[in-house]
2 protein chains.
Amino acid sequence: MEKFVYFFGDGKADGNGQMKDLLGGKGAGLAEMTNVGLPVPPGFTISTSACRLFYENGGRLPEAVVSEVNAAIQQLQSTVGKKFGSAEKPLLVSVRSGAKFSMPGMMDTVLNLGLNEKTVETMAQLTSNERFAYDAYRRFIQMFGKIVLAVDPIQFEQTFDHAKKSNKAKLDTDLDARALKEVCKEFKNIIKLSTGEEFPADPMKQLDLAVKAVFSSWNGKRAIDYRRLNKIPDDLGTAVNIVTMVFGNMGLTSGTGVAFTRNPATGDNELYGEYLPNAQGEDVVAGVRTAKPIRQLKDEMPPVYEEFSTLARQLEKHYKDVQDIEFTIENGKLWMLQTRNAKRTGPAAVKIAVDMAHEGMIDEQTALMRVEPSQLDQLLHPMVDPKEKITVIATGLPASPGAASGKVVFDPDLAEKEASKGEKVILVRIETSPEDFHGMVAAQAILTARGGMTSHAAVVARGMGKCCVAGCAELEINYDKKFFKTNNQTIKQGDWITLDGTAGQVILGRPRLMDPQPELNESFVKLMNWADKTRTMKVRTNADTPKDATVARKFGAEGIGLCRTEHMFFEGDRIDAVRQMIVGAADYKRFELQIQRIEGELVKVTSQQKIKELKRELVTLKKQIKTPKALYFGAIKKLLPMQRQDFVGIFRAMDGLPVTIRTLDPPLHEFLPHTEADIRKLAKKLKYPAKDLMVKFAALHEVNPMLGHRGCRLGIVYPELTEMQARAIFEAAAQVQKEGVKVIPEVMIPLVGHINELKLQETSVRKVAEDVKSRLKVSLEYLVGTMIELPRAALTAGEIATVAEFFSFGTNDLTQMTYGLSRDDAGKFLPFYIDNGILKEDPFQTLDQEGVGQLISWAVERGRLTRPQLKIGICGEHGGDPQSVEFCFRNRLNYVSCSPYRVPIARLAAAQATIQDKTESARTV
Amino acid sequence: MEKFVYFFGDGKADGNGQMKDLLGGKGAGLAEMTNVGLPVPPGFTISTSACRLFYENGGRLPEAVVSEVNAAIQQLQSTVGKKFGSAEKPLLVSVRSGAKFSMPGMMDTVLNLGLNEKTVETMAQLTSNERFAYDAYRRFIQMFGKIVLAVDPIQFEQTFDHAKKSNKAKLDTDLDARALKEVCKEFKNIIKLSTGEEFPADPMKQLDLAVKAVFSSWNGKRAIDYRRLNKIPDDLGTAVNIVTMVFGNMGLTSGTGVAFTRNPATGDNELYGEYLPNAQGEDVVAGVRTAKPIRQLKDEMPPVYEEFSTLARQLEKHYKDVQDIEFTIENGKLWMLQTRNAKRTGPAAVKIAVDMAHEGMIDEQTALMRVEPSQLDQLLHPMVDPKEKITVIATGLPASPGAASGKVVFDPDLAEKEASKGEKVILVRIETSPEDFHGMVAAQAILTARGGMTSHAAVVARGMGKCCVAGCAELEINYDKKFFKTNNQTIKQGDWITLDGTAGQVILGRPRLMDPQPELNESFVKLMNWADKTRTMKVRTNADTPKDATVARKFGAEGIGLCRTEHMFFEGDRIDAVRQMIVGAADYKRFELQIQRIEGELVKVTSQQKIKELKRELVTLKKQIKTPKALYFGAIKKLLPMQRQDFVGIFRAMDGLPVTIRTLDPPLHEFLPHTEADIRKLAKKLKYPAKDLMVKFAALHEVNPMLGHRGCRLGIVYPELTEMQARAIFEAAAQVQKEGVKVIPEVMIPLVGHINELKLQETSVRKVAEDVKSRLKVSLEYLVGTMIELPRAALTAGEIATVAEFFSFGTNDLTQMTYGLSRDDAGKFLPFYIDNGILKEDPFQTLDQEGVGQLISWAVERGRLTRPQLKIGICGEHGGDPQSVEFCFRNRLNYVSCSPYRVPIARLAAAQATIQDKTESARTV
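Residues numbered from 1 in each chain as written. Chains lettered and ligands numbered in written order. Predicted model: local features only at pLDDT ≥ 70, side-chain atom pairs only at ≥ 80, totals over all residues. Heavy atoms only, no water.

Before going further, it helps to spend a moment on the overall build of chain A. Looking only at helices and strands, one finds 35 helices and 32 strands in chain A. Every one of the 925 residues in chain A was classed for burial, and the buried ones make up 59%. Across chain A, every contact between residues at least 6 apart in sequence was considered, and the portion connecting residues at least 24 apart equals 69%. Here chain A displays about 36,900 Å² of accessible surface, and carbon together with sulfur accounts for 51% of that area. Charge centroids of chain A, computed over 122 positive and 116 negative side chains, lie 6 Å from each other. (Helix = DSSP H or I, 4+ residues; strand = E, 2+ residues; numbered from the N terminus. Buried < 20%, exposed > 50% of the residue type's maximum accessible area, 1.4 Å probe, protein only. Contact = heavy atoms within 4.5 Å. Areas by Shrake-Rupley, 256 points an atom, 1.4 Å probe, with all protein chains shown as cover. Lys, Arg positive; Asp, Glu negative; His and termini not counted. Charge placed at Lys NZ, Arg CZ, Asp CG, Glu CD.)

Encoded structure:
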């Protein structure tokens, strides 16, 4: 029969540290610590499978679980020599959730369970501290009422406030035992009025209700939100840990704290953390009181510090990873309450992984697996340019590194709303709580007035790799009037500020932010070297300018996977030439086709009348075609040298590496001016009637531009455009080759749906290449290939590969077409879909492997069947998403291509995919 | 070694009637007729494979072909006892193209080849008709110059006109032999000046050049256009037929004609055709002179008529199909020049097939295969309502049946242009020629002043199933001033007229046209019965109204495959209710979500300040939600009974048959008013600020509505909408069921991309069904299924089938997504693609089997793997396209669904697919 309850205490435990699936992280840690011989208060864990059964049972605990819990309580009572409800030695326990993956602040906890009218008195006697006992009691009733019995917490608050007023107490601690007793009575009354039942005095009844409440909290909204953000499956369930209470708030030889075996912000190898004397654990985590650094414990309680420090080392060695440890000191006795692998910033993760590998604690491959690729983002974040003159208006704790600017917003809802409009905001709160989570997600950075390095704001921000300055005490925040004051400044909602999360500074306005320089970070460089040694898949970058190309190369890009030529079209006064071309293009083509048709007819027609008509028409057409022809070819002639110069710069930057250049992709109307004034300006420049321009531009309007006249469809109707671009590419290649630069252009045709489209464009490109080669007397190495971004291209990949020398999956468009989903419009319902779990994740962020992925797998298979050496890459935004990179590796892609700042992430993700693959093959062999 | 040249003559031929691939239709017919013992002028055919070799050879005749041609000429000379270039008995031949499929008027012909300065004189002596000889000679030079030597034909025309003037000749026939001799001299001079070489006098040289010209004409623009329209592959090639000339223009005992063994317009079993005494064949085909009906031949040359009539019968029996025969009478001797299966109108095709089956000439299955499904269109075409008072302004030949109205246009280019703008036009020409083809395609109907039932206009119009009145002699057409006159009317370009192609009438204005009543056509009913007996795949219809449903049922629809509920939304003043709903919807949902969130937060929040804030917000929201809520639910309440009534009507019309109803599909903005005036009107009705409406409507704008908030995405965000529609469906079903109507609603969820979308909507629908069942105490049989119209739905069909009880392929959208092609925008480049052969056919007309088809095959396979009994259909416009119907049959679909008027076409196509499949299986067994 399945076992649901796992006991620990007296140096041995039913469970162990491997059993995270069943006992949750916390439960497994408690069992492991107990087994290792650490001082852990005895207790037991109800397994996650009991939680799953609870849900299957429609919210009831199965019989088997209940009876095992009863047995565990018996064992616990005899182990600690205390008893539930005993008037002599009452047993008090904490009830905490503990899932497989840590979900800070997301799950509910009940402390001091076991208190009732009788045991509270005993506690008062045993501690000789009636106030302590009744304060614990009223907290217990309040917490139990709110969390377990779902009583509106406002009533407790109001009653407590009222008690404070009538006792003329300023602080909570000003209330004496008598007053607290009265509060307890009133609290119990509230519960009776709200629930219709007496507050349960029986500890077993209390326990039963509390366990159910913990299980229920697994499906609370915040827990679900957290899981969604962190991609944790919904069906894992949580365990419940019932642990004998120890008290950190029994006086000055008591205390409680949280510590990391290494610095979780920098990775430095030093004990790092905080503690609060005479306090319960929740005081530290909530960040209500600012805690002392752990080193002060060395002075205040040297032996306890010594013991803790030794145990911490022991735990880190045992787990071979940095530990995040909760502890409590009860009357000078150290108790370990929890240990888990510590969350850490990206820089810390890198440093710790590399250091531990150097220390011999782990090997290189393990080190590589220790860093979440997306964490590298933090090493790549911008910082404030040191050359900027900045005005620091306040300083707080450097809670999460990086720098960011934004408009001040005090309300998380508003933050979310503004961000959804594309505004950059900084969320400023007195302190944050899980209710603020959505606002933190939306904000560029977070600033709090209260709370320490392990406060909610700090922990959550680091987890998201988001800049945060916490505990900035000098801030006076006025939520109502929507401003904050520092010593000498008033900042209103909507004003720009900048946070430097590395220095802990609040800066006025928006100074220039500087690109990060990860190449100066030794650990990073080392880790990246290991990654490059390990991975087999190449990483390229999407870059449209020599500057981007240079940055990406510094970040380790092994070529350009996507150079969008249209971005060049917008630069400077080129846009004028582009617009001129558009004005001429359609008319020129129309007249040209008509002339061809009439000339064709003239050869065949015999009727004298018809011949006269046709000739008259021909004369008219040849007059009409003049202006559009001049505009069209004139513009193309202007654009050629500009584009050539662009490519020269990029080829130089990528000397020796392949550069994939995509021919023009967006529909022409994207280049047009929108306001009437701008159209008039253009008309003047082109000496063209403004009215005609308006009509012409209106005609270019498309109902569904995403599915319209774009991609290779442009180059097919306007072959001169593709030819100009090809000429610019090959002439640039010839030019830099003469300088000694090695250049391998890969010309990429976008939006191919039918093999014939590719054939036509390929022929154009090759013709130009041959022409350039013979005219400039150079030999040029180049490839012609295509984007696979239409489902039809993927479906007919076998045929397309007869012409294409390479494929590059344009997964942005491929996702749009496969899902029938416009990225521009999905905002109207996609957030609703994600919020309601209809889709697990945004398919534009993480590749939809089930749908789009099938097309990719098929295209790779078919393409390689036709052309075994087919080069295949991906250049959609998914190229920088670790999950998607892993998918690409499994599908034997030659490379992924992503934005410059995501190149290191892709390099690491590719290495991890290789390691994972080896591990899996090893397992199956 | 391959044989390239096939001789026929003297009662035996190298080839036979089966060899159409190799000899073309004409060549095979000549060989077969010779073998059967018919009087055919001897000659030979150069095979289509020689044509293909000609192209492979870069436009040169291969050696082997040349030497076989030489040998054939020797054989021909000895057979007919004449010789190329002989001064005594010169051999003259015609050179004609002849492809596998007849391509009337599209290929070039050269007559009288073999004439030169010497042989023309001999001809003059032999016929004692110098004028005849020199007229033949000048025609030959002119034709040869234009077609073979590509000399600008204007020069010949001008020279000829000049000769007429200086000889004061009104008609061509007014020129005497002397004048014609002069013309010949000048024509030869033109050729020398144009080509730099003498006109070739050597008949062998003439032949060589002519054969090459015929081969080249295979890739002429008109031939390519014709093949595209008729879906004839480009690589078949054409054969060349070299036949001894016989002359129908040798006097009154000569003549030439074309006849059909049965009436090709009605199918009546009677010899039908025309002839011209003393004329060459081209005079008949070109329609320059109006021919006499064939029965007059009976009076003029009784024995010839008798012989012809017997031979015609013999040919029809031999070929077991109606024959289209060209013949020439040379001095009382009948020669058969060509026979081929006759083109015929739809009604004729049906009647002939059924008649021949009844006569025992063919079996039922052959009869079914004899009718092109698309030809049925002609039986289903509208006719002028007999109750209308019409003004017939002219009467011509009933060249192609049906009736159509349109604006008069004289120019084919203009016709094309106007039609592309959506205008309905009728092309009016003195006579048509292949140059006018594009205009005929674009027009609703064609009216000509000259030419008979076998004129270009008549043949082409019948082929296209397009109404045509030909040879309307009383018409006086003025191209220059753009009007035509009848006896008492002047009709200007742009005026509306109506043609009745069945009666041959030109009608003033646009009288009411009436739906066709194919159910009164006995042959049609019989053929359809045979089709239904044969086919295994069901045919349903797309119908949104009881009226459409009734029509479709009459046409044999076996259920509704697609009932679009949104069309109902536009009717009458419902659109007001729909707009009211839209005005309320978004705000209502937004406020509702906010209220839910705040209520959720209030339970958890403890801070007094926050609680106050939230409560204040809640009060505001509850005030704000009132108006939108009232609008939204008020509108839904108004719509429910209307929709229910719609369904009641449809269910009654489809008593006993399944009805697939699609829930709301288009984006909401499609229902909005567009002009400011209309918005103001709506605002007044709703008592809503017009300014707010404009802002609200602007917010609904989508960049790519095709990929936007539509389909099930609406029902998911606004579940009340789906629930209303489901309620209307089930309440209507319950209501008609009580009347004794058998009803099987199939609720179809559109635009599903992910299984979860379908799950949510299915749950909504089933909940409503259960509710209706229990409230109205009825039992209801129904299915819930989905459209497969997104590539992702097809790719994940296996999963989707776990929920869907049926699939219906929405191939319109599936094509759009798979190809990344918006139907609304493709007009900018798709015609260019088709014209240039980049795509063979419009993928919105004929299913793209290579691309979209793969998704369909995959989805069928995966869907049935999950749910073997899965019902699968297609409801895109491809459901009525014969090729696509055949694809659906091969992919084991249960049904196709198409517009009511295409139901018979789909029935026949489905039967043909079954027959073809049986034939193929029989072949492989």
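What follows continues from the structure just given.
It is worth spelling out the relation of the copies chain A and chain B at this point. Between the two copies, chain A and chain B, the superposition gives an RMSD of 0.2 Å; the rotation angle is 180° and the shift along the axis is 0.0 Å. The superposition operator between the copies reduces to a two-fold rotation axis. Considering only C-alpha atoms, the residue of chain A closest to the rotation axis is N704(A), which sits at 2.1 Å. When you check the interface residues of chain A against chain B, 99% turn up at the interface there too, and the contact is symmetric in its surfaces. (Least-squares fit on C-alpha atoms with pLDDT ≥ 70 in both.)

Residues and elements named next belong to chain B. Read across the open sheet, the eight strands follow the order β13-β23-β22-β15-β16-β17-β18-β14; overall the sheet is mixed. Looking along the sheet, the strands with just one partner apiece sit at the ends: β13 (392–395) and β14 (397–400). Taken over all neighbouring pairs, the strand axes of this sheet differ in orientation by 30° on average, direction set aside. Bridge analysis of strand β15 (residues 403–409) against strand β16 (residues 425–429) gives three bridges, and the strand direction is parallel. Note that in β16 the partner of V408 across the bridge is I426. The sheet contacts of helix α15 (residues 412–420) involve β15 and β16, and relative to β16 the element is tilted by about 180°. (Pairing = 2+ DSSP bridges. Axes fitted to C-alpha atoms, helices over the stretch in contact; angles between N-to-C directions.)

This part takes up the sheet that holds strand β25 (residues 538–542) of chain A. Strand pairing in a sheet relies on backbone hydrogen bonds. The paired strands run either parallel or antiparallel. Residue and element names in this part refer to chain A. Strand order in this closed barrel of eight strands is β25-β26-β27-β28-β29-β30-β31-β32, and the pairing throughout is parallel. Strand-to-strand, the axes of this sheet are offset by a mean angle of 25°, without reference to chain direction. Here strand β28 (residues 744–749) pairs with strand β29 (residues 783–788) via four bridges, running parallel. Among the inter-strand pairings, E746 is bridged to a residue of β29, identified as L783. Contacts from helix α23 (residues 626–653) reach β26 (560–564), β27 (658–662) and β28 within the one sheet, and its direction differs from that of β27 by about 150°.

Now for the interface of chain A and chain B. Interfaces are often sized by the amount of accessible area the parts lose when they come together. Of the residues lining the interface, 77 residues belong to chain A; the matching set on chain B comes to 80 residues. Both sides of the chain A and chain B interface together cover about 6,900 Å² of buried area, and 54% of this is carbon and sulfur. Here chain A is connected to chain B by four salt bridges. Across the pair R792(B) and E850(A) runs a salt bridge, and its minimum N-O distance is 4.0 Å. Joining chain A to chain B, the criterion identifies 26 residue pairs in polar contact (both at pLDDT 80 or more). (Buried area = accessible area lost by both parts, 1.4 Å probe. Salt bridge = Lys/Arg side-chain N within 4 Å of Asp/Glu carboxyl O. Polar contact = N/O pair within 3.5 Å; in protein donor to acceptor, adjacent residues only side chain to side chain.)

All names here are of chain B. Although it is not a glycine, K320 adopts a positive phi angle of roughly 55°. Take K320: its relative accessible area is 42%, and that puts it in the partly exposed class. Phi angles above zero are rare outside glycine, and K687 is one such case at about 55°.

This part is about helix α25 (residues 690–699) of chain B. All names here are of chain B. Taken as a whole, α25 has its buried residues at A690, L693, K696 and F697. The buried residues of α25 occupy one face: seen down the axis, they fall within an arc of 120°. Opposite the buried face of α25, at more than 90 degrees from it, the exposed residues are K691, V695, A698 and A699. (Arc of directions from axis to C-beta.)

Enumeration according to the criterion identifies 106 salt bridges over all chains in this entry. A salt bridge links E720(A) to K589(A), with the shortest nitrogen-to-oxygen separation between them at 2.9 Å. Taken together, the residues span a long stretch of sequence, with E720(A) in helix α27 (residues 719–738) and K589(A) in helix α21 (residues 574–604) at a distance of 131 residues. One salt bridge connects D436(B) with R429(B), and the closest N-O pair in it is separated by 3.5 Å. R429(B) carries the same exposure label as D436(B), and that label is buried. Here the residues in one salt-bridge network are D532(A), R535(A), K538(A), E558(A) and R907(A), joined through shared partners.

All right, on to the packing of aromatic side chains then. All names here are of chain A. Inspection of the entire model under this criterion finds 36 aromatic pairs over all chains. Measuring from ring centre to ring centre gives 5.3 Å for F132 and F247, while their planes differ by 90°; the resulting arrangement is edge-to-face. Placement of the pair is F132 in helix α5 (residues 130–148) and F247 in the loop between β6 (238–244) and β7 (255–260), with a sequence separation of 115 residues. Across this residue pair, the class does not change: F132 and F247 are buried. By the ring-pair criterion, three or more aromatic residues cluster together here, those being Y588, Y632, F633 and Y718. Directly above the ring of F591 sits R590, whose terminal nitrogen or CZ lies 4.8 Å from the centroid. (Phe/Tyr/Trp six-rings, centres within 6.5 Å; stacked < 30°, edge-to-face > 60°. Lys NZ or Arg CZ within 6 Å of the ring centre and 35° of its normal.)

Moving on, we get to the state of the cysteines. The tally for this structure, following the rule as stated, stands at zero disulfides over all chains. There is no disulfide at C467(A), and the cysteine sulfur nearest it, in C468(A), is 7.2 Å away. (Disulfide = S-S within 2.5 Å.)

Another aspect to go through is the packing of α27(A) against helix α28 (residues 755–776) of chain A. Residues and elements named next belong to chain A. The interhelical angle for the contact between α27 and α28, taken along N-to-C directions, is 35°, at an axis separation of 9 Å. Between α27 and α28 lies a crossing whose hand is right-handed. When α27 is examined against α28, the residues T722, E723, A726, R727, F730, E731, A734 and K738 are found in contact with a partner set consisting of Q761, S764, V765, V768, A769, D771, V772, R775 and L776. Of the residues contributing to the contact of α27 with α28, the split by class is eight nonpolar, three polar and six charged. (Left-handed = near helix turned anticlockwise from the far one by under 90°. Nonpolar A, V, L, I, M, F, W, Y, C, P; charged D, E, K, R; others polar.)

In this section: the nonpolar core. Counting residues in each nonpolar core, the largest one holds 331 residues, and the members touching the most others are F730(A) and F730(B). Excluding anything up to four places from it in sequence, F730(A) contacts V747(A), V765(A), V768(A), A769(A), V772(A), L780(A) and Y782(A). (Core = buried A, V, L, I, M, F, W, Y, C linked by side-chain atoms within 4.5 Å.)

Another point: the environment of H754(A). Relative to the helices and strands, H754(A) resides in the loop between β28 and α28. Since its relative accessible area comes to 11%, H754(A) is described here as buried. Each C-alpha atom, one on H754(A) and one on T796(A), is 7.8 Å from the other, the two residues being 42 residues apart in sequence. When residues no more than four places from it in sequence are discounted, the contact partners of H754(A) are R792(A), Y819(B), I838(B) and L839(B).

Turning our eyes to something else, we now look at the pairing of strand β31 (residues 871–874) of chain B. Where strand β30 (residues 806–809) of chain B meets β31(B), four bridges bridge the pair, whose relative direction is parallel. Looking at β31(B), one finds that F807(B) is bridged to I872(B).

Attention now goes to the confidence of the model for chain A. Predicted confidence across chain A gives a mean pLDDT of 89, with 96% of residues reaching 70 or more. At the level of chain-chain contacts, confidence expressed as ipTM amounts to 0.77, with global pTM at 0.78. (pLDDT = per-residue confidence, 0-100.)

In this section: helix α6 (residues 153–166) of chain A. All names here are of chain A. For α6, spanning 14 residues, the distance from its first C-alpha to its last is 20 Å, which sits close to the expected 20 Å at 1.5 Å a residue. P153, I154, F156, E157, T159, F160, A163 and K164 are the residues of α6 that are buried. Two residues or fewer past α6, K168 is found with a positive phi of approximately 55°. (Expected span 1.5 Å × (residues − 1).)

Quick look at the environment of V95(B) now. Examined against the element boundaries, V95(B) turns out to sit in strand β4 (residues 93–99). Once the C-alpha coordinates of V95(B) and M440(B) are considered, the two residues, 345 residues apart in sequence, prove to be 28 Å apart.

Right, let's get into the side chain of Q375(B). Relative to the assigned elements, Q375(B) resides in the loop between α14 (364–370) and β12 (383–384). With near-sequence residues (within four places) excluded, Q375(B) lies in contact with R344(B), T345(B), G346(B) and A349(B).

Our focus in this paragraph is the packing of helix α13 (residues 346–358) of chain B against helix α18 (residues 522–534) of chain B. All names here are of chain B. For the pair α13 and α18, the least separation of the axes is 9 Å and the interaxial angle reads 70°. Comparing their axes, α18 and α13 come out roughly perpendicular. Seen from α13, the contacting residues are V350, K351, V354, A357 and H358; seen from α18, they are S523, F524, K526, L527 and W530. (Parallel < 35°, antiparallel > 145°, perpendicular 65-115°, else oblique.)

So, on to the pairing of strand β22 (residues 496–500) of chain B. Every other side chain in a regular strand lies on the same face of the sheet, so the side chains alternate between the two faces. All names here are of chain B. Of all five residues that make up β22, four are buried, and the element is covered over most of its length. Bridging between β22 and strand β23 (residues 505–508) involves four bridges; their strand directions are antiparallel. Looking across to β23, one finds that D500 is bridged to Q505. Two successive antiparallel strands, β22 and β23, enclose a turn made up of four residues, where G504 displays a positive phi of approximately 75°.

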